[in-house]
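# Understanding the architecture of this molecule
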Amino acid sequence: MASKPGLLTDWPWKQLGSFKYMILAPWVVHSMYSFAVKGEKDLLNFLVLPFLLSRMLHNQLWITISRHRTAKGNNRIVDKSIEFEQVDRESNWDDQILLTGLLFYIFNMIITGASHLALWRTDGVVITILLHTGPVEFLYYWLHRALHHHYLYSRYHSHHHSSIVTEPISSVIHPFAEHIAYFLLFAIPMLTTVFTGTASVAVLFGYITYIDLMNNMGHCNFELIPKRLFSIIPPLKYMMYTPSFHSLHHTQFRTNYSLFMPIYDYIYGTMDKSTDELYETSLKRKEESPNVVHLTHLTTPESIYHLRIGFASLASRPHISEWYLWLLWPVTFWSMIMTCVYGRTFIVERNTFKTLKLQSWALPRYNIQYFFQWQREAINGLIEEAILQAEGKGIKVLSLGLLNQGEELNRNGELYIQRNPQLKIKVVDGSSLAVAVVLNSIPKGTTQVLLRGNLSKIAYSIAFALCQRGIQVATLYESEYEKLKLTTKSETNLVLSRSYAQKIWLVGDELMEEEQLKASKGTLFIPFSQFPPKKMRNDCVYHYTPAMSTPMSFENLHCCENWLPRRAMSAWRVAGIVHALEGWNVHECGNTMLDIEKVWLASLKHGFQPLIYDSKFIKDLA
């Protein structure tokens, strides 16, 4: 939002929320009916909807590519971080696409020359190029300078400049009134071709596609225009800007005003003196080498959209199933095939914290694949390959994260250490901190808990720690009781329960739905697994999976980790960061457990805090 919002700041359909797309419904239905039933073969009118969808896809591809490239670091221009506030502010990037659709439908109906157009006309292309190069670029330059006058800047343009570090969609984040001014400007070539009878479908759609392409490129925050291009065609430097050129406008504010052609900045003396230097520096910048890598994997087929490189608005919220993602099932299915057949580990996120550079890498495998025996060798191969890749880059710590690193798959990560005993990188499964988070999530004064779920390394450690503290641990099944008795070596604090009356349940992966239904009203479910249980009860409280909130100094955090809330991070991921900050020179995998209290205090020392789901309820429960 601008610092002093002016007239017509908000879009007219802001209050409609996600239902804003319905404003196009009557026009779409009418165009389809006219084309299919009435036989009115107006190609432009019929293709408006497919064109709008193609623009959304075009923008999304730029978002994905930009976020992937800036996470890798090569050719990155600006290093500053993006936060949730910017993602929220830029979530309405599709509003201008809706406006384009409305204007196309309206002008097609009211202007005779805007309907029944030819597919291509060369004279219309020439006119459009000339009018854009001349009047449009010239007028935009002076409009842009006017928007930087303190009166207009504070009321309108400051909204756009709130994004110091730009993403492709930052290009279209403006107040409604500002967009009207831009649409009037870009209408000059289009209306001219319409009124001169030289318009065509290719001219109109092609011109807007050109604007989208240049806008996205100019805000992508990585340099991609090769220097050789300007060497071959020297005048091109005056006719085409680069991402680094426009990035300087967002960091310096009073330079590089041009739309897509820097010639007017050269003419009027507003070219930033560091433009060429930043361009060359960005081109030479190599891929970033982090200190810590968090290795994770995809969960459900639609989880690809919730990654940072997926849909920005979905990634910025906890992972929940959205009905409209079912409409994308062809794309989802295609992405599953591609990741399974050709997929390799890819970078999805970068962060900085204190002296550390951090990255998250994703394995192109889904949660369900971990349950197939025939998939395990391939999965272990991918994990080992990622570890060796990190070793080759000189990375200090790799946390295994959401990889179900259980006994059956890889012996809690020990398999990789045994295969590669020479590893300098420290492999961390995060079990110690996960145990510490669960223990500190139990309300004070608790005397008995029910332990239910797959008996993993974490479950055994929790049971042992609770028995040592004098808290009674109950189990429902004799087989689990016998296994735990061997580990806890406690005759008094480990009991076989015949009831479901316990108010605190520590639950893992194999918690059954019917067991939840037998729990007492008001039961607090605290997961010790990486995946949360399916919520079956509205009269109970479900705690988050083991996680901690991050310090505000943790930078570039603008997406949620799976189902966790904003600025929360799984214990497994935090463990790798703390391991590196403390300089612990040991692996934490296999049966190895670090000192739980030591790990917990270290995480608090570095600013990580426990997540509280419902502090009032938990206090009353205690």
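If you're wondering where the values come from, they're calculated on a predicted model, not measured in any experiment. (Residues numbered from 1 in each chain as written. Predicted model: local features only at pLDDT ≥ 70, side-chain atom pairs only at ≥ 80, totals over all residues. Heavy atoms only, no water.)

### Points about the pattern of salt bridges
Rules: Counted as salt bridges are all cases of a side-chain nitrogen of Lys or Arg within 4 Å of a carboxyl oxygen of Asp or Glu. Helix numbers and strand numbers start at the N terminus; a helix is a DSSP run of H or I with at least 4 residues, a strand a run of E with at least 2. Throughout, exposure labels follow a simple rule: accessible area from a 1.4 Å probe, protein chains only, divided by the maximum for the residue type, with under 20% read as buried, over 50% as exposed, and the rest as partly exposed.
Summed over all chains, the structure comprises 28 salt bridges. Here arginine 573 and glutamate 561 are joined by a salt bridge, their closest N and O atoms 3.6 Å apart. Placement of arginine 573 in helix 23 (residues 571-582) and of glutamate 561 in the loop between strand 12 (547-549) and strand 13 (568-570) is noted, with a sequence separation of 12 residues between them. In terms of burial, arginine 573 and glutamate 561 fall into one category: buried. The structure contains a network of salt bridges with shared partners spanning Arg76, Asp79, Arg285 and Glu288.

### A word on the UniProt feature "transmembrane region" (unreviewed entry) in the chain
Put simply, the rule is: UniProt positions are given in the numbering used here, feature names are shortened, and annotations may be inferred rather than shown by experiment.
With numbering matched to this structure, UniProt assigns "transmembrane region" (unreviewed entry) to residues 21-37, 43-63, 97-119, 125-143, 180-208 and 323-347. The straight-line gap between the two end C-alpha atoms of residues 43-63 is 30 Å; of that span, 100% is helix and 0% is strand. In the segment residues 97-119, helix accounts for 61% and strand for 0%; the C-alpha atoms at its two ends are 22 Å apart.

### Topic: the sheet that holds strand 14 (residues 609-610)
What counts, and what does not: Here a strand pair is declared whenever DSSP counts at least two bridges between the two strands.
Strand order in the open sheet made by the 3 strands is 13-12-14, with antiparallel pairing throughout. Bordering the open sheet on either side are strand 13 and strand 14, each of which pairs with just one other strand. Direction of pairing for strand 12 relative to strand 14: antiparallel, over a ladder of 2 bridges. Its bridge partner being in strand 14, serine 549 is matched across the sheet by glutamine 609.

### Some remarks on unusual backbone geometry
For asparagine 75, which is not glycine, the phi dihedral falls at a positive 70°. Its identity as a non-glycine residue notwithstanding, asparagine 556 has a phi of 65°, on the positive side. Positionally, asparagine 556 belongs in the loop between strand 12 and strand 13.

### Observations regarding the packing of aromatic side chains
Stated formally: Geometry of aromatic contacts follows a simple scheme: Phe, Tyr and Trp rings, the Trp one being its six-membered ring, pair when their centres are within 6.5 Å, and the pair is stacked under 30 degrees between planes, edge-to-face over 60, tilted otherwise. In this analysis the charged atom, NZ for Lys or CZ for Arg, is taken to sit over a ring once it is within 6 Å of the ring centre and within 35 degrees of the ring normal.
This model, assessed by the stated rule, comprises 28 aromatic pairs. Put simply, the rings of Phe138, Tyr141, Trp142, Tyr257, Tyr264 and Tyr268 pair up and form one aromatic cluster. The positively charged end of arginine 155 is found above the aromatic ring belonging to tyrosine 151, 3.9 Å away from the centroid.

### Thoughts on the side chain of histidine 543
Test applied: Pairs of N or O atoms within 3.5 Å make up the polar contacts considered here, provided that, within protein, one atom can donate a hydrogen while the other can accept it, and that residues adjacent in sequence are counted only when both atoms are side-chain atoms.
Examined against the element boundaries, histidine 543 turns out to sit in the loop between strand 11 (541-542) and strand 12. Within the structure, histidine 543 has its side chain in polar contact with the backbone oxygen of leucine 611 (distance 3.4 Å).

### Section: the pairing of strand 7 (residues 472-475)
Pairing of strand 6 (residues 448-452) with strand 7, which is carried by 3 bridges, proceeds in the parallel orientation. Looking at the pairing, valine 449 lines up with valine 473 of strand 7.

### Notes on helix 4 (residues 95-110)
What counts is decided by this rule: An expected span of 1.5 Å times one less than the residue number is assigned to each helix. Throughout, a residue-residue contact means that at least one pair of heavy atoms, one from each residue, lies within 4.5 Å.
An ideal rise of 1.5 Å per residue puts 22 Å on 16 residues; helix 4 measures up with 23 Å between its terminal C-alpha atoms. Within helix 4 the residues assigned to the buried category are Asp95, Gln96, Ile97, Leu98, Leu99, Thr100, Gly101, Leu102, Phe104, Tyr105 and Asn108. Against helix 1 (25-36), helix 2 (43-72), helix 7 (176-195) and helix 8 (201-218) lie the buried residues of helix 4.

### Regarding the domain arrangement of the chain
Definition in use: As annotated, the domain borders come from an automatic or database domain assignment. By buried area we mean the combined loss of accessible area, with a 1.4 Å probe, across both parts when two parts are placed together.
In terms of domain boundaries, the chain breaks down into domain 1 (14-224), domain 2 (292-432 + 552-609) and domain 3 (452-549). Facing the 33 residues of domain 2 at the interface are 15 residues of domain 3. Taken together, both faces of the contact between domain 2 and domain 3 bury some 1800 Å²; the carbon and sulfur share is 63%. When the buried area of domain 2 at its contact with domain 3 is split by residue, Trp563, Trp572 and Gln609 rank highest and sum to 33% of it.

### A word on the pairing of strand 1 (residues 292-297)
When you tally the buried positions in strand 1, you get 6 out of 6 residues, the bulk of the element. With burial as the criterion, each face of strand 1 is covered, one bearing Val292, His294 and Thr296 and the other bearing Val293, Leu295 and His297. Note that strand 1 and strand 3 (residues 356-363) share 6 bridges and pair parallel. The residue of strand 3 that forms the bridge with valine 292 is leucine 358. Two strands pair when backbone bridges link them, and strand 1 and strand 4 (residues 397-399) are joined in this way by 3 bridges, in the parallel orientation. Within the sheet, the bridge partner assigned to histidine 294 lies in strand 4 and is serine 399.

### What to know about the sheet that holds strand 2 (residues 346-353)
Note the cut-off: Comment: axis = line fitted to C-alpha atoms, over the contacting stretch for helices; angle = value between 0 and 180 degrees taken between N-to-C directions.
Taken in spatial order, the 5 strands make up an open sheet running 2-3-1-4-5, and their pairing is mixed. Of all the strands in the sheet, just strand 2 and strand 5 (426-428) have a single pairing partner and so form its edges. In this sheet, neighbouring strand axes are inclined to one another by 20° on average, regardless of whether the strands run parallel or antiparallel. Packed onto the sheet, helix 16 (residues 376-392) meets strand 1, strand 3, strand 4 and strand 5 and runs at close to 160° relative to strand 3. Seen against the sheet, helix 23 touches strand 1, strand 2, strand 3, strand 4 and strand 5 and runs at an angle of roughly 165° to strand 4.

### Points about a nonpolar patch on the surface
The test is simple: Exposure above 30% relative accessible area and the lack of any salt bridge qualify a residue for a patch; like charges then connect within 9 Å, and the nonpolar side chains Val, Leu, Ile, Met, Phe, Trp and Tyr within 5 Å. Areas reported here follow the Shrake-Rupley algorithm with a probe of radius 1.4 Å; residue values treat only the protein chains shown as occluding.
On the surface, Trp329, Phe333, Trp334, Ile337, Met338, Val341 and Tyr342 cluster together into a nonpolar patch covering about 850 Å² of accessible area. Note that tyrosine 342 resides in helix 15 (residues 329-342). With relative accessibility at 61%, the residue tyrosine 342 sits in the exposed group.

### Brief notes about the packing of helix 20 (residues 457-468) against helix 21 (residues 478-488)
Heads up, the condition is: Here the word oblique covers every angle except those under 35 degrees (roughly parallel), over 145 (roughly antiparallel) and from 65 to 115 (roughly perpendicular). A crossing counts as left-handed when the near helix is turned anticlockwise from the far one by less than a right angle, and as right-handed when that turn is clockwise.
Taken N-terminus to C-terminus, the directions of helix 20 and helix 21 make an angle of 60°; their axes are 9 Å apart at the nearest point. Considering the angle they form, helix 20 stands oblique to helix 21. Crossing of helix 20 against helix 21: the hand is right-handed. Here helix 20 contributes Tyr460, Ala463, Phe464 and Cys467 to the contact with helix 21, which in turn contributes Lys483, Leu484, Thr487 and Thr488.

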